[in-house]
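Examination of the molecular architecture
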Amino acid sequence: MKTPFVTLEQLQEITQKYPTPFHIYDEKGIRENARKLNKAFEWNKGFKEYFAVKATPNPYIINILKEEGCGVDCSSLTELMLAEALGYSGEGIMFSSNATPPEEFIKATELNSIINLDDYTHIDFLDKIVGIPETICCRFNPGGVFKTANGIMDNPGDAKYGFTKEQLIDGFIRLKEMGAKTFGIHSFLASNTASNEYYPALAAILFELAVELKEKTGVDIKFINLSGGVGIPYKPDEMENDIMEIGEGVRKAYEQILVPAGMGDVAIFTELGRYMLAPFGHLVATAVHEKHIYKEYIGLDACAVNLMRPAMYGAYHHITVMGKENEPYDHKYDITGSLCENNDKFAIDRMLPKIDIGDFVVIHDTGAHGFSMGYNYNGKLRSSELLLKEDGAVQLIRRAETPKDYFITFDFSDILKDAQ
Ligand SMILES: *Cc1c(COP(=O)(O)O)cnc(C)c1O
């Protein structure tokens, strides 16, 4: 059973001012969860979560995380600009990019952020553009498949990211010769993991690597970045990860591997996106059409441009028909948006209570990789974003796009000037 963090009565009131569709975020949930993460890793003196900005690039939301002590993980020019606008600089920013354009390394350097190099060849690329900074991080890709006791989690050998181990050893020696003094390592081996084992298993790999790198290169490793990948239960019957157990698992690996190697002062960093925010966002839409052909369809006023994951990955997002939680789930629907694309379906063959036109539909777990993956196909416009504050008030934190926004990139031209 998944329960929305807003009630039907709240939605009736909110929609008087802000029409559907919109994404709404739960400040209380975001804060409590961030505190839980910090608690789970409080055993580590330098622990810091660098929120993955790409998951939810809204300054109001990131400010909440900032107040909870989080840094930011950026990977593009505009994400760096967002971080700058929020007052982030220096060790508050991790720049974890790949196939990086030169201007992004320049901006990252201006902000003094920690640069996390994705590739061996980026050492010379960075050196040529801005020089090698004193603090540098490199991303590791072990290749092969990533397995834990419970099976295969993902396939790093097929992933475009990171250095091989040999490149890392050679790279650290070169970076040291070029003036780097403080080093970090980073790796992201599996996404949306539904197991408390992921971080501890990844940590053990990185801790052993850190010990080996220290022995072979003599560099000073100050931090290990476990990156993102801790998942959330999108389906109501899935188990929730236990962040306390995850933190404890990482602590055990730390005590077993790093402490005996004299590396008990290494800081642990994370770059979580989904875990920090996905459960604390809903996409709220209204049922605007019903259609009875070979299947039963409900058409919403939201579409895949507001939430791409079901269309893109076939991802499951739970749906609550507001006010009908206790009615029988005896109707089988495809819940669709209005794109001229048959994959624009938020749910396929989903058993739900009977939906009537005008019903509010809450699509769960859209707080990360939801709005941010939006696009403008079919000339559809991005929705607004709202914040349900701790005191129950609702704040507009991004207005909905208007046609003017859609046409703004023709501002050099006379053709569409009346539309702007
Ligand atoms: C996407 C990404 C993250 C966040 O991933 P989640 O699955 O949202 O936790 C962290 N670090 C990097 C480098 C990423 O690309």
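As a reminder, the structure under discussion sits directly above these lines.
Because the structure is a prediction, the values reported are computed rather than measured. (Residues numbered from 1 in each chain as written. Predicted model: local features only at pLDDT ≥ 70, side-chain atom pairs only at ≥ 80, totals over all residues. Heavy atoms only, no water.)

1. Section: the site of the ligand
Let me state the cut-off plainly: Nearness is judged by heavy atoms alone; a residue qualifies as near a molecule or strand once a single heavy atom is within 4 Å of it. Polar contact criterion, stated in full: a pair of N or O atoms within 3.5 Å, where within protein one must be able to donate a hydrogen and the other to accept it, and residues adjacent in sequence count only if both atoms are side-chain atoms. Areas reported as accessible are Shrake-Rupley estimates using a 1.4 Å probe. Residue values count occlusion only from the protein chains shown. Only Asp, Glu, Lys and Arg are considered charged in this grouping, and only Ala, Val, Leu, Ile, Met, Phe, Trp, Tyr, Cys and Pro are considered nonpolar; every other residue, Gly among them, is considered polar.
Inspection of the region around the ligand gives 14 residues, with Lys54, Gly229, Glu271, Arg274 and His369 positioned closest. In this structure, an oxygen atom belonging to the ligand sits 2.7 Å away from a side-chain N or O atom of Lys54. Between the ligand and Glu271 there is a distance of 2.7 Å, counted from a nitrogen atom to a side-chain nitrogen or oxygen. Considering the ligand on its own, with 390 Å² of exposed area, one finds that the protein chains cover 91% of that surface. Classifying every residue of the shell around the ligand gives three nonpolar, six polar and five charged.

2. Re the packing of aromatic side chains
Each aromatic ring pair is characterised by the separation of its centres together with the angle its planes make. The test is simple: Classification of ring pairs rests on two measures: the distance between centres of Phe, Tyr or Trp rings, Trp counted by its six-membered ring, which must be within 6.5 Å, and the angle between planes, read as stacked under 30 degrees, edge-to-face over 60 and tilted in between. In this text, helices come from DSSP runs of H or I with a minimum length of four residues, and strands from runs of E with a minimum of two, each type numbered from the N-terminal end. When a residue's accessible area, from a 1.4 Å probe over protein chains only, is under 20% of the maximum for its type it is buried; when over 50% it is exposed; and in between it is partly exposed.
Scanning the model with the defined rule gives twelve aromatic pairs in all. Here the aromatic rings of Tyr50 and Phe269 are separated by 5.0 Å at their centres, their planes lie at 65°, and the arrangement is edge-to-face. On the criterion of sequence distance, the pair formed by Tyr50 in strand E2 (residues 48–52) and Phe269 in strand E11 (residues 267–270) is long-range, its members being 219 residues apart. Assessed through its relative accessible area of 1%, Tyr50 is described here as buried. The buried category is assigned to Phe269, whose relative accessible area is 7%. Between Phe207 and Tyr254, the ring centres sit 5.7 Å apart and the planes meet at 85°, which makes this aromatic pair edge-to-face.

3. Focus: the sheet that holds E11
Going by this rule: Two strands qualify as a pair provided that DSSP identifies no fewer than 2 bridges between them. For every element, the axis is a line fit to its C-alpha atoms; helices are fit only across the contacting stretch, and the angle between N-to-C directions ranges from 0 to 180 degrees. When checking whether two residues touch, look at their non-hydrogen atoms; a contact exists if any pair is within 4.5 Å.
Spatial ordering of the closed barrel is given by E2-E3-E4-E5-E6-E9-E10-E11, a layout of eight strands whose pairing is parallel. Each strand axis lies, on average, 25° off the axis of its neighbour in the sheet, ignoring direction. Strand direction decides the pairing type here: strand E4 (residues 93–96) and strand E5 (residues 114–117), joined by three bridges, are parallel. Residue pairing in the sheet places Phe95 in a bridge with Ile115 of E5. Running over the sheet, helix H8 (residues 198–217) touches strand E9 (182–186), strand E10 (221–225) and E11 and is turned about 155° from E10.

4. What to know about the packing of H8 against helix H9 (residues 243–258)
Formally: Orientation categories follow fixed angle ranges, with anything under 35 degrees roughly parallel, anything over 145 roughly antiparallel, 65 to 115 roughly perpendicular, and all other angles oblique. Handedness of a helix crossing follows the sense of rotation of the near helix relative to the far helix, less than a right angle counterclockwise being left-handed and clockwise being right-handed.
Orientation of H8 relative to H9, taken along the N-to-C sense of each, is 20°, at an axis distance of 9 Å. What the angle tells us is that H8 and H9 run roughly parallel. As for how H8 packs across H9, the hand of that crossing is right-handed. Contacts between H8 and H9 involve Tyr199, Pro200, Ala203, Ala204, Phe207, Glu208, Ala210 and Val211 from the former and Ile246, Gly249, Val250, Ala253, Tyr254, Ile257 and Leu258 from the latter. Within the contact of H8 with H9, the residues separate by chemical class into 13 nonpolar, one polar and one charged.

5. Some words on helix H2 (residues 27–40)
Just so we agree on the cut-off: Here a helix's expected span is defined as the number of its residues, less one, multiplied by 1.5 Å.
The terminal C-alpha atoms of H2 lie 20 Å apart, and with 14 residues this matches the ideal 20 Å at 1.5 Å per residue to within 8%. All of the buried residues along H2 are Glu27, Gly29, Ile30, Arg31, Asn33, Ala34, Leu37 and Ala40.

It is worth stressing that arrangement in space is one thing and function is another; only the former is reported here.
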